[in-house]
Amino acid sequence: MNKKGGCKPLTLGAPIVTTLEELRKYYSMLKDVSSKCQTILGGLPSEVETSLEDVGRELLAIEGFDRDAKTSWSLSPKKRRLVKQIDKELPKLDKGLNRSLDLHIELLRNYMVELEELKATIMSFDIKLGRDLNNLSFPSTRGKYAVVLPVISRFVSNLEGLSKQLREALLKQTNDMLEQNRALIKTYDRFVGIDTSDVSISAERTSVDINTIPELFEIRKTLRQEHEYLTSRRGEVVDTLRAKLQASIESALALLETARSLNLNVPMAISTSLEGLMKQLEGEANLTMLLGLVQQYDGQVMKASSEIRRQLLEFAHNLNRILASANISNEASFLPPIPPEVPKEADLAALIASYERLQAYQTNVETALRSETSRILDDLTRAVKRKVLPNSNELEAFVKKQTKPLNKADLKDLVKIYSETSGQIIEEHGKLLAEIRTQEALLVRISETASTILDKTTMGAAPAPVRTTDISFPELVEAYARLHKHVENRIDLFRKAWERELNALLAEIQVIKPTYRESFKTMEEFLETAIKHIRASKSFEEIEEVAREAQGDALYKAQDAIENLKYRLDLKLRLAVSKLLGMGLTIPSEVQAAIQELTTVVPASETYEEAIRKAHHIVEVFEKRIVGYFNQALNEQIKAFSELTNVSVTLGIKTDTYVKQSMKLQEKLPANIEELPDRFDELRELLTDAKLLKDIRSKANEVWRNLNSVTDLLERHGQAEVVVKLKDLLARVPDALDAEQVNTVLEICMALVEAQNSVLDILRNMEQKTEAAFEKLLENTTEYYSTIKRVYDARPQEFSKLIFPLDTLQNLRGKLETVNSLPESIDIFTTIRSLEQQWLEKIKELDEWHKALRVFLADFNPASPKAERNRQLNEIEKRIRETYSREDTANYLTWAARELAAVMIDQKEKAKKK
Amino acid sequence: MEASDEGPRVAEVFAIGIGECGSNLVGAYLKQARERMLPPRIRGYLCMNTDRSDIQKLRQKYDIPKENTLLYGASDIGCGGNFTDGYNYVHDFKDVIMGQLTQLGFEGVSGFIIFTSSGGGTGCGGAPALIEILKQRFQEEEGRRIFVYVFTVLPFKDQTSEALNTMWSLSKLLRGQLEDRGADLVCLLSNRAMLRRILAWREGEVADFLQQQLQIDVAKVTDVEGMVPSTVDGANEASKAQESAFVELVNPLALRFVEHMLSPGVVEPGKEVFPTTDIADYARKLDPIVVPCLYTDVSLIPSAGNIAMQLKTMVKYAVEHCSFAEIGSEPAASSTYYTFSGSREYARAEYDPHIKQALRPYTAKGAAITPCFVSYEDDVHPSDLLLLLGLPQIPEIEDLVNSSTELVDLHAGPSPLRRGWFKKSKGVGEEVLRAAIRDVAELFNLEMK
């Protein structure tokens, strides 16, 4: 060791164990001191801990060097270097030890100063410990660690012992105080409530476990203050608790009264006990006493609630039992939801509320039962009203019986009524299902039977089978009603079909004319009776039976009727034919064939239709081919005569009498074969009337003369073909007029008149063509033709007077269109041709005149204003009149100039608009 | 007119169209003549041009054989309004021209009708030169008198460059007369006047034609003749088409005049001419420049009475509404020639006093009036009146003089660069042009502005 107390310098090769051992000892001693300091102080600053760790690390390094040096050869450079290294490190270790020790001493000194300040407190807390502490003085710390460390080590050991005792005593006392405070807080909190910020330590901590004495003293002080605060509030707590207890007792008494009023049986003793508690509360009371009263109060309330709960459970059980007796589940959909279970806690108010809910539930159950029963009764009532059920009357009585007591019934009665009603509807449901099956089966039977007479379309689609599951009673009633109606409809269809069928048979007879229907009368009556029977019948089977029988018998009756008809007609025919033959009429072969056909018809037939066809055939042959033939022949002859008389009128021959007679004949064409011979006789007289014949011949002669006179004109106008035909006709006239029959004479007369009309048309046509050709000629003759026409159109009278009588020409053309007299037409036609020739010559002259207009109109400007244009036109007129002395020329050119000017103005206006 | 053993001999002429306008007139005339079957008054014809494309179009349009056309000049793209080029080319190609004319059989003809425009380049410049070489060929070399009539078409309104060319052309043609190397008669045909005539009586047809060709609605145009653009200075295709459309309209009218002018010399059965008249007579009795008036299908109604008044109305209409250049209502013509043709009933020589009386208001005092009646036996010939008014007052010429003066003034001035336009565009100096304008102004007694 050197004089500074460090290790003495090492000699090369010499062992260094002694010095190193010492160092280890001091280090260990320092570690012990440090450990105790930590216990006393409850922890060390990091600087202090680091200083100790530095010493340890330095020591470890030196120990390493030392180990290496021991294993090295003594004279080796390594050993020397290691020794050198150790020498270098030792002073650092020395310095470290001193520094670390100083730091610990500093800590201890500071702690002692703190204890010194608490000395009086400690003394008051524990006098012995206070004295021991007082006797413990801080040792001298002068000198290096080798001197100081052992002294300090001892001091620390003593301090640690004292500190431990003091701390344990303090901890116990502090925790007791904490527990006491917390008990008070809990009690206060239960009755009055407390602001825990005023007693935060007591409220928040459950125990105290602090190491340092000063801190323990500090918390002990705080807890004491909080204890004092809690004690100060005790009176307030007592008052509050008393008030609360009084209120609770009053409330409990009131609730017990309510329970009784709800018919709950609560022993009066409980109320009496509670009233006793109330009286006790009125006297002096401390907290402990009050807490005892609270306990009694709780006991009485518990008793009361147990009693009430028992009764509640009994009530609920009873209700469920009644429902169950009628097999009604309390979960049935029409019932109200089950109320919550009876509460298990002893809350009187909750129990009473629960009782009230149970009572309400029972009322709701009653209402629901009543409502559901009403609904079922309504369903039954509706079904009754539908009047389709077989037992509607019985059901109506049942509904009445059940409805009456419903409103006044209690739960028990309600359950009974509901049970009976629902049972009834289930039974009805079953019955209805069975009936539906029966009706469906009937429907099938009708369909099968009716298919021979009705087609499927007429019958309509079969209804879908009625659904039997998941179907309500009203739905089932409706389905049954529909089905029932369908069945009735089918029967009705079936009935009508048969009616139609028989009516069709009847109709076939009825189309036979009444004249011939006598033979079918028995048959008609038979069918009508059958139809009436079917119409009145409602039974499907009955309808079918009657109808089929009628259908079968109809054929035989039809055959009888045909036989009868044949006989009657044959008789009439023979009589009429013999008369007509007598009048000279011939019976044509087709009529004879028809008569033969009639007699050979055989009444026996395979079917009714065939028989009826034969009847119709007989009537048809008789009416159309025999009577029809004679009637047509008569009618044609009358008609021909009527037409002749009509034509005669157009020729100016008086035929009124003949027309009337012929019309009369035509109106009374015989319906019976018996009348035919007389009518033929009347007609023959009309056709040979002498006066009529004379009139027609006279007219024919007149027309013949007219036509003879026109042939030359037609030939001149290239109508040679027409003339040839005309001459041929004229040659035939004399012979034809000698005939004795009116129609023959009239025929030739008409031919002549027609020829005359044709000639008139030819003349008109010739005129039209000639006029068109003439117009074309005029247009080609002069390019000014359109202007000339405009001039004429503007002044037809002046033009006709001064220039050319164009109006006469036009009038004649119009007249030719309407004149019906051939001589007059010929005259007009000839005059027109002559005038046209003159007009053509005039047109050529006008063409020459027109050239002058260009000259005069050169000074005319159509674009000038109107006044200026008028002035120009007046000037032109003046110049024209100066230039030409002839009046017609001057006038025409003046008119033409004005017309052309108007056209120019018009064109200009149009051009402007474009 | 002379008669030979084979029948009446007709004085024949040779038609030459020079430049685009002249060639078109010849083409149209020949086409019309072929269609109407006129007597062969024209011995032959030649269409000359310095523009190849114009020649090709002409051939195609009028079906003219190649030998009747001649392309000459230094280039084949025309003169572009430069009349000096037009003039020089004819002299330069004199042999070619004469050679082709010989081939076409022009020997022995009595005269030439040269159709041209006064405002172009090729025709305007070429016509005086052509007359010079023709006169030289016949009169100086053969000693035979020939008559050269120039039908020159005045430009449309507002064609100022053409107006200046017209001044030079007229001056050159008339000055040539002084040396007997110019035109014997220059007939002025005014495009604008002819167009107005057509518009007056054929408005509908003209409107349709212009609508079809140029999409112009005449009804909405107040001054149609003013719409014809200048085409001598760098004209575009649209302008050319526009001018061509208007020329198409006026050409037939111009040709009817030519036809009537040549008609008295045409011998036809049943036709009488009194007094005998041929083309030489026009040149002899009229002033060098004439304006024709043609009134076709005249209206005379002898049976309507007052024939003197009717004839007066006829003459008045012919002068005031049928002139081929605007001459107004007081033209004061220095000489007049009239030809009245038609059926014998109308074209009667006894009407001469009435016609002369009617013409007096339109002639200068002392002016001679020469008549010619062409009457036909049949009555299918319409009555036509042709008036040739020598040196009348022509307001249109005054317009041309003024336009030309303005154009010369525009390019005149001290700047030689500015004055260069004259040489470049016209091939002559300013003075030459001013002298030409002065000539025309003096001839027509116009006061220059």
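Residues numbered from 1 in each chain as written. Chains lettered and ligands numbered in written order. Predicted model: local features only at pLDDT ≥ 70, side-chain atom pairs only at ≥ 80, totals over all residues. Heavy atoms only, no water.

### Some remarks on the overall build of chain B
Scanning chain B from terminus to terminus reveals 15 helices and 13 strands. Burial status across chain B gives 59% buried among its 449 residues. Within chain B, residue pairs in contact and separated by at least 24 positions form 80% of the contacts whose partners lie at least 6 positions apart. (Helix = DSSP H or I, 4+ residues; strand = E, 2+ residues; numbered from the N terminus. Buried < 20%, exposed > 50% of the residue type's maximum accessible area, 1.4 Å probe, protein only. Contact = heavy atoms within 4.5 Å.)

### Considerations on the packing of helix 21 (residues 608–650) of chain A against helix 22 (residues 656–667) of chain A
Residue and element names in this part refer to chain A. In contact at an axis separation of 9 Å, helix 21 and helix 22 are set at 155° when each is read in the N-to-C sense. Classified by the angle their axes make, helix 21 and helix 22 are roughly antiparallel. With respect to the hand of their crossing, helix 21 and helix 22 are arranged in left-handed fashion. Only Tyr658, Val659, Ser662, Leu665 and Gln666 of helix 22 make contact with helix 21, whose side of the interface consists of Asn635, Ile638, Lys639, Phe641, Ser642 and Thr645. (Axes fitted to C-alpha atoms, helices over the stretch in contact; angles between N-to-C directions. Parallel < 35°, antiparallel > 145°, perpendicular 65-115°, else oblique. Left-handed = near helix turned anticlockwise from the far one by under 90°.)

### Observations regarding the sheet that holds strand 9 (residues 271–274) of chain B
Note: strands within a sheet are paired through backbone hydrogen bonds, in either parallel or antiparallel orientation. All names here are of chain B. Pairing is mixed across the open sheet formed by eleven strands, whose spatial order is 5-4-3-6-7-8-10-13-11-12-9. Of all the strands in the sheet, the pair left with one neighbour each is strand 5 (69–71) and strand 9. Geometrically, the sheet is characterised by an average inter-axis angle of 20° between neighbouring strands, direction not taken into account. Bridging between strand 9 and strand 12 (residues 363–376) involves four bridges; their strand directions are antiparallel. What sits directly across from Glu272, in strand 12, is Ser375. Along the sheet, helix 12 (residues 352–359) makes contact with strand 11 (333–343), strand 12 and strand 13 (384–390), crossing strand 12 at roughly 145°. (Pairing = 2+ DSSP bridges.)

### What to know about the packing of aromatic side chains
Tallied over the full model, the rule gives 29 aromatic pairs over all chains. Judged by centre distance (6.0 Å) and plane angle (50°), the rings of Phe14 of chain B and Phe112 of chain B are tilted. Of this pair, Phe14 of chain B sits in strand 3 (residues 13–18) while Phe112 of chain B sits in strand 6 (residues 111–117), and the two are 98 residues apart along the sequence. Neither residue differs from the other here; Phe14 of chain B and Phe112 of chain B are each classed as buried. Ring plane angle 75° and centroid distance 5.3 Å describe the contact between Trp421 of chain B and Phe422 of chain B, whose orientation is recorded as edge-to-face. Comparing Trp421 of chain B with Phe422 of chain B shows no difference in burial state: the two are buried. Ring-pair connections join several aromatic residues into one group, and the members of that group are Tyr792, Phe799, Phe804, Trp839, Trp849 and Tyr892 of chain A. (Phe/Tyr/Trp six-rings, centres within 6.5 Å; stacked < 30°, edge-to-face > 60°.)

### Some points on the interface of chain B and chain A
Listed as interface residues are 22 residues of chain B and, on the opposing side, 20 residues of chain A. For the pairing of chain B and chain A, the buried interface totals around 1,800 Å² over both sides, and the portion due to carbon and sulfur atoms is 55%. Joining chain B to chain A, the criterion identifies one salt bridge. We note a salt bridge from Asp297 of chain B to Lys851 of chain A, for which the minimum N-O separation is 2.9 Å. Remark: the boundary between chain B and chain A carries seven residue pairs in polar contact (both at pLDDT 80 or more). At six residues, the largest contribution of residues to the side of chain B that touches chain A is made by helix 11 (residues 307–322) of chain B. A per-class count over the side of chain B that touches chain A returns ten nonpolar, eight polar and four charged. (Buried area = accessible area lost by both parts, 1.4 Å probe. Salt bridge = Lys/Arg side-chain N within 4 Å of Asp/Glu carboxyl O. Polar contact = N/O pair within 3.5 Å; in protein donor to acceptor, adjacent residues only side chain to side chain. Nonpolar A, V, L, I, M, F, W, Y, C, P; charged D, E, K, R; others polar.)

### Quick notes on the environment of Arg697 of chain A
Residues and elements named next belong to chain A. By the secondary structure assignment, Arg697 is in helix 24 (residues 690–716). Given the relative accessible area of 27%, Arg697 is considered partly exposed. In the structure, Arg697 is positioned 40 residues away from Leu737 in sequence and 6.2 Å away in space, judged by C-alpha atoms. Polar contacts involving the side chain of Arg697 include one to the main-chain carbonyl oxygen of Leu737, which spans 2.5 Å.

### Here we look at the domain arrangement of chain A
Residue and element names in this part refer to chain A. In terms of domains, chain A is made up of domain 1 (17–183), domain 2 (435–577), domain 3 (606–758) and domain 4 (782–913). The centre of domain 2, based on its C-alpha atoms, is set 55 Å off from the matching centre of domain 3. Opposite the 22 residues of domain 2 that make contact, domain 3 presents 18 residues. The contact between domain 2 and domain 3 buries some 1,700 Å² in all, and 77% of this surface belongs to carbon and sulfur atoms. Summed over the shared surface of domain 2 and domain 3, the result is one salt bridge. Between Lys513 and Glu623 there is a salt bridge, with the nearest N and O atoms lying 2.7 Å from each other. Inspection of the region where domain 2 meets domain 3 yields four residue pairs in polar contact (both at pLDDT 80 or more). Of all the secondary-structure elements, those providing two or more residues to the side of domain 2 that touches domain 3 are helix 16 (473–510), helix 17 (514–517), helix 18 (521–536) and helix 19 (540–582). It is helix 19 that contributes the most residues to the side of domain 2 that touches domain 3, ten residues altogether. For the side of domain 2 that touches domain 3, the per-class residue count stands at 17 nonpolar, one polar and four charged. (Domains from an automatic or database assignment.)

### A closer look at the pairing of strand 3 of chain B
Residues and elements named next belong to chain B. Burial within strand 3 is extensive, with six of its six residues counted as buried. A two-sided burial pattern is seen for strand 3, the buried positions comprising Val13, Ala15 and Gly17 on one face and Phe14, Ile16 and Ile18 on the other. Note that strand 3 and strand 6 share five bridges and pair parallel. Along strand 6, the bridge assignment pairs Gly17 with Phe115.

### Regarding the confidence of the model for chain B
Residue and element names in this part refer to chain B. Residues with a pLDDT of 70 or more make up 84% of chain B, whose mean pLDDT is 82. Looking across chain B, the model is least confident in strand 1 (residues 2–4), with a mean pLDDT of 37, and most confident in helix 12, with 94. Within the model, pLDDT remains below 50 along residues 1–8, and this stretch shows ten contacts once partners closer than five positions in the same chain are excluded. (pLDDT = per-residue confidence, 0-100.)

### A closer look at unusual backbone geometry
Cis geometry marks the peptide bond from Phe274 of chain B to Pro275 of chain B; its omega dihedral reads -15°. Relative to the helices and strands, Pro275 of chain B resides in the loop between strand 9 and helix 10 (279–285). For Asn327 of chain A, which is not a glycine, the phi torsion comes out positive at approximately 60°. Along the polypeptide, Asn327 of chain A turns up in the loop between helix 11 (287–325) and helix 12 (348–386). Located in the positive-phi region is Leu391 of chain B, a residue other than glycine, with phi close to 45°. Following the sequence through the fold, Leu391 of chain B ends up in the loop between strand 13 and helix 13 (395–411).

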